[in-house]
Amino acid sequence: MERRFHMMIYRLFHAQRTEMRRYGAALGLGAGQPKLLSYLLGHGSCMQKELADYFEVDPAAVSRMLTALERGGFILRDAGSPRKRCGLVDAWPASPTAVRSG
């Protein structure tokens, strides 16, 4: 059987994703949440719309992921904003060190 380069890359991608999901699940992170968290850790506070635009994801999906991250204690939302989608989001300073170093 001939191995094509694109198939090897495809298999590598899936193997990496499977392995990373194990670590994310151990920390309480779902699919897509590590990307949002790493963006916040790298860029600092931002609005939900900025995350949705950067990752080209539906704002409602970003909202659901941020709500789960907030419940897990990974992020803080601006309590002064009357609407969740308009306030600033920031990584919680006490986020697990495994997430901060990864």
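Residues numbered from 1 in each chain as written. Predicted model: local features only at pLDDT ≥ 70, side-chain atom pairs only at ≥ 80, totals over all residues. Heavy atoms only, no water.

## Considering unusual backbone geometry
Keep in mind that most residues, glycine aside, have a negative phi and that most peptide bonds are trans. So the rule is basically this: By the criteria applied, helices consist of DSSP H or I runs no shorter than four residues and strands consist of E runs no shorter than two, each listed in order from the N terminus.
Non-glycine residue Glu-56 carries a positive phi angle of around 55°. Structurally, the position occupied by Glu-56 is in the loop between helix H3 (48-55) and helix H4 (59-71).

## Looking at the nonpolar core
Quick reminder of the rule: Note on terminology: a nonpolar core comprises buried Ala, Val, Leu, Ile, Met, Phe, Trp, Tyr and Cys residues joined through side-chain atoms within 4.5 Å. A 1.4 Å probe rolled over the protein chains alone gives each residue an accessible area, and that area as a share of the maximum for its type sets the label: buried under 20%, exposed over 50%, partly exposed in between. Here, two residues are considered to be in contact whenever any of their heavy atoms come within 4.5 Å of each other.
Grouped together as the largest cluster of nonpolar side chains are 17 residues, with contacts concentrated most on Leu-36, Leu-40, Leu-51, Leu-66, Leu-69 and Ile-75. Of all elements in the fold, only helix H2 (33-43), H3, H4 and strand E3 (88-91) reach the threshold of two or more residues within this core. Residue contributions to this core peak at five residues, all from H4. If near-sequence neighbours (up to four positions away) are discounted, Ile-75 is found in contact with Leu-37, Leu-40, Leu-66, Leu-69, Glu-70, Val-89, Asp-90, Ala-91 and Trp-92.

## Thoughts on the sheet that holds strand E2 (residues 75-77)
Rules: At least two bridges found by DSSP between two strands are what make those strands a pair.
With antiparallel pairing, the three strands of this open sheet are ordered in space as E1-E3-E2. Here the strands that pair on one side only, and so sit at the sheet edges, are strand E1 (46-47) and E2. Sheet topology note: the E2/E3 ladder contains three bridges and is antiparallel. By the bridge assignment for E3, Ile-75 is matched with Ala-91.

## A closer look at the packing of aromatic side chains
For clarity, the cut-off: Classification of ring pairs rests on two measures: the distance between centres of Phe, Tyr or Trp rings, Trp counted by its six-membered ring, which must be within 6.5 Å, and the angle between planes, read as stacked under 30 degrees, edge-to-face over 60 and tilted in between.
One pass over the full model with this rule turns up three aromatic pairs. Aromatic side chains Tyr-39 and Tyr-54 sit 4.7 Å apart centroid to centroid with 45° between the ring planes, which places their arrangement in the tilted category. On the criterion of sequence distance, the pair formed by Tyr-39 in helix H2 and Tyr-54 in helix H3 is long-range, its members being 15 residues apart. By relative accessible area, which is 7% here, Tyr-39 ends up buried. Ring centres of Tyr-39 and Phe-55 lie 5.9 Å apart, and the angle between their planes is 70°; this geometry places the pair in the edge-to-face category. Of this pair, Tyr-39 sits in helix H2 while Phe-55 sits in helix H3, and the two are 16 residues apart along the sequence. Overall, the relative accessible area of 24% leaves Phe-55 in the partly exposed class. Of the aromatic side chains, those joined through ring pairs into one cluster are Tyr-39, Tyr-54 and Phe-55.

## A short note on the pairing of E3
Side chains Val-89 and Ala-91 of E3 all project onto a buried face; the interleaved residues Leu-88 and Asp-90 project onto a face where none is buried. Where E1 meets E3, two bridges bridge the pair, whose relative direction is antiparallel. Its bridge partner being in E3, Cys-46 is matched across the sheet by Val-89.

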